[in-house]
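Residue-level structure breakdown
Residues per chain are reported as follows:
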Amino acid sequence: MLRVSDGSAWIRAHDGPGLWYGLATLAQLLRRPDKQGCVPALEIHDWPAVMLRGIHLDMKGCQPKFAAMIDFARVLASHKINMILLEIEDRMVFRSAPGVAVRGAFSAAELGRFEEECRSLFIEVVPKVQCLAHVDYILKHERYRTMREAGHPYQYCPRNEAGLALWKAMASEVMEAMPAGRYFHIGADEPANLGECRICRRHSKADSYIYRVRRCIEHVANHGRRPVMWDDILRNLHRHMTDDEARRTWDLGRNAILMYWAYGYGGANNEFPFLPPYLDAGMEVWGASGASGCGPSWNQDLPPFRERALNMGVWSETAARFGLSGLVHTGWTKIASADPPAEPQEGCWTTILYGADAAWAGRHIEAEPWMEKMGKVFWGLEDVSTLSSLADAHERPICAESAPAAASQRERWELFCALSGLAAHRKERQRLIDDWQMYRAALRAGKLPDYRLAMVRSHLDAFERARRSRMRAVAAALGRFYTPATVSSYLESRFGIDEEIIARLKTLLKRSSVK
């Protein structure tokens, strides 16, 4: 309960987290006082609709600097998030897996300090280490090739004992580094290569899947933690096995928390038909929505807000209605090791904070009014046109200078605007490609008239100037939050192809002359 009256504020709560959430509400009110600079007299009785409200921090595509990761958790806590699903992959230095960690990966001690900071903010850290598929970050290395399923670096052979021993050692290291947690996520999703190797062909796909995953569940339970796993095999989402085989895997869901992921791709299929059967079978289920990294492209820069808000809102309503104990809004910064970085999560505060509010309220919140409020409270924006354009920032650029944000979030605002500007960059690149396609033959033959030559040169010069400016802006904005390797990878994936386009078009222009 929060009461503001007679120049004072009172908060009453049952426990420490409740007091913290009351302070968070008061802080939001103080950031938006009335015209007299005051918080009006009021009384608020509030509580969460979903007990565990999580955000997925995926480090494999965009690794934050340590200080930025701590600040990320602090912002989440100020918006009443109390769980972080931490996707580790090759961003920790493992004693048991030499050669796997990237340069600049976190030490076990650093991840331990991160967990301690999160605990002080009433945030539960749930570390995740994939136990079967999505392990090309390990198996791409020559020393681990014998653990592959039929030579595929994407997936462990589920009957390879060395691979299981490696996973157990890595999982144990993570639990040792972050000893306070109650949960551990084993992944176990999308094993596309089941049953392909000589040994696994002797067994059904379901048998091999169960054989591996059951032992991983037991390993986590033996460390005093609740195992968490993705649910897609149980509902046979990708048709990796027959329906009868998939049904046999349901026993696994009775020994682990089942994370039901459904991202509402393209704004459709925001329905979760397997939820009642899971619950009827006695399984504990957490929902998993998609806050970012869920398309339509795997290398977009900002999430499509309305599409993501719809998915998160429906999941929040569903979690509250069915009494789910947890809901995580996932944010993927890379799909697999071979893929480019997706949206950096420091640019995704619109969807992250929408997900936080929706999970607390247990309902879908109308997107446009919420976005206007968020722009005012989080970024300190006042400009009406800027506030009204935030929901479309993934496809319509916003200029940081036209609407400077509050000093406390200025760097995040500048990153948001820099990423928004890449939508214009893609359009301008496409214009160059269109010029190349339309006039290629005439350029090669030296028969393009001077007025069209001038137009193409003008487009090319403008593109190069804008490209240099945008690269500087993106590099500077990303560099405040992410490691140099992340910044370099991001720039290459967004701007690298430009060099080839520019060079080829310049070559054609040099050869051209009016006949």
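As a reminder, the structure under discussion sits directly above these lines.
Below or above, wherever it landed, is the structure these notes cover. (Residues numbered from 1 in each chain as written. Predicted model: local features only at pLDDT ≥ 70, side-chain atom pairs only at ≥ 80, totals over all residues. Heavy atoms only, no water.)

With that out of the way, let us pick up the nonpolar core. One recurring pattern in soluble globular proteins: nonpolar side chains tend to sit buried together. Ranked by size, the top nonpolar core spans 122 residues in total, and within it Phe-114, Trp-167, Ile-186, Tyr-209 and Met-229 carry the most contacts. Setting aside its immediate chain neighbours within four residues, Ile-186 contacts Val-129, Gln-130, Cys-131, Trp-167, Val-213, Cys-216, Ile-217, Val-220, Val-228 and Met-229. The next biggest cluster of nonpolar side chains, apart from the first, holds 16 residues, and it includes Leu-52, Leu-85, Ile-257 and Tyr-263. (Core = buried A, V, L, I, M, F, W, Y, C linked by side-chain atoms within 4.5 Å. Buried < 20%, exposed > 50% of the residue type's maximum accessible area, 1.4 Å probe, protein only. Contact = heavy atoms within 4.5 Å.)

Topologically, Thr-351 is positioned in helix H11 (residues 349-361). A polar contact of 3.1 Å, which involves the side chain of Thr-351, links it to the backbone oxygen of Ala-291. (Helix = DSSP H or I, 4+ residues; strand = E, 2+ residues; numbered from the N terminus. Polar contact = N/O pair within 3.5 Å; in protein donor to acceptor, adjacent residues only side chain to side chain.)

Below, the discussion takes up empty space enclosed by the protein. One pass over the structure, following the stated rule, counts 2 cavities of 30 Å³ or more. Reported here for the largest cavity is a volume of approximately 70 Å³. Along its surface, the largest cavity is lined by Leu-57, Asp-58, Cys-62, Pro-64, Met-69, Phe-72, Thr-333, Gln-345, Glu-346, Phe-481 and Tyr-482. Looking at the lining of the largest cavity residue by residue, the class counts come to 7 nonpolar, 2 polar and 2 charged. In this structure, the second largest cavity spans a volume of roughly 40 Å³. Along its surface, the second largest cavity is lined by Leu-302, Pro-303, Phe-305, Thr-350, Met-371, Leu-390, Ala-391, Ala-393, His-394 and Phe-416. (1 Å grid on protein atoms, 1.4 Å probe; cavity = no way out; pocket = protein on both sides within 12 Å on 5 of 7 lines; lining within 4 Å. Points joined across faces, edges and corners; volume = space filled by probe spheres on them. Nonpolar A, V, L, I, M, F, W, Y, C, P; charged D, E, K, R; others polar.)

The next point concerns the pairing of strand E5 (residues 83-87). Of all the 5 residues making up E5, 5 are buried; the element is thus mostly covered by neighbouring parts of the structure. Taking every second residue as pointing to the same face, both faces of E5 are buried, with Met-83, Leu-85 and Glu-87 on one and Ile-84 and Leu-86 on the other. Bridging between E5 and strand E6 (residues 124-128) involves 5 bridges; their strand directions are parallel. What sits directly across from Ile-84, in E6, is Val-125. One crossover worth recording links E5 to the parallel E6 by way of helix H3 (residues 108-120), and it is right-handed. (Pairing = 2+ DSSP bridges. Right-handed = clockwise from strand over helix to strand, strands pointing away.)

Attention now goes to helix H16 (residues 450-479). Its 30 residues give H16 an end-to-end C-alpha distance of 43 Å, which sits within 8% of 44 Å, the value for a rise of 1.5 Å per residue. Those residues of H16 that sit buried are Leu-453, Val-456, His-459, Leu-460, Phe-463, Glu-464, Ala-466, Arg-467, Arg-470, Val-474, Ala-477 and Leu-478. (Expected span 1.5 Å × (residues − 1).)

With that out of the way, let us pick up the environment of Glu-464. Counting through the fold element by element, Glu-464 comes out in helix H16. On the basis of relative accessibility, which here comes to 15%, the residue Glu-464 falls in the buried class. Remark: the alpha-carbon pair of Glu-464 and Phe-322, spanning 142 residues in sequence, is separated by 54 Å. Filtering out sequence-adjacent residues up to four positions away, Glu-464 remains in contact with Ile-502 and Lys-506.

Helix H12 (residues 367-377) packs onto H11 with a crossing angle of 110° between their chain directions and a minimal axis gap of 11 Å. By the angle between their axes, H11 is roughly perpendicular relative to H12. The handedness of the crossing between H11 and H12 is right-handed. Of H12, the residues touching H11 (which contributes Trp-349, Thr-350, Leu-353, Tyr-354 and Asp-357) are Trp-370, Met-371 and Met-374. Class assignment for the residues of the contact of H11 with H12 results in 6 nonpolar, 1 polar and 1 charged. (Axes fitted to C-alpha atoms, helices over the stretch in contact; angles between N-to-C directions. Parallel < 35°, antiparallel > 145°, perpendicular 65-115°, else oblique. Left-handed = near helix turned anticlockwise from the far one by under 90°.)

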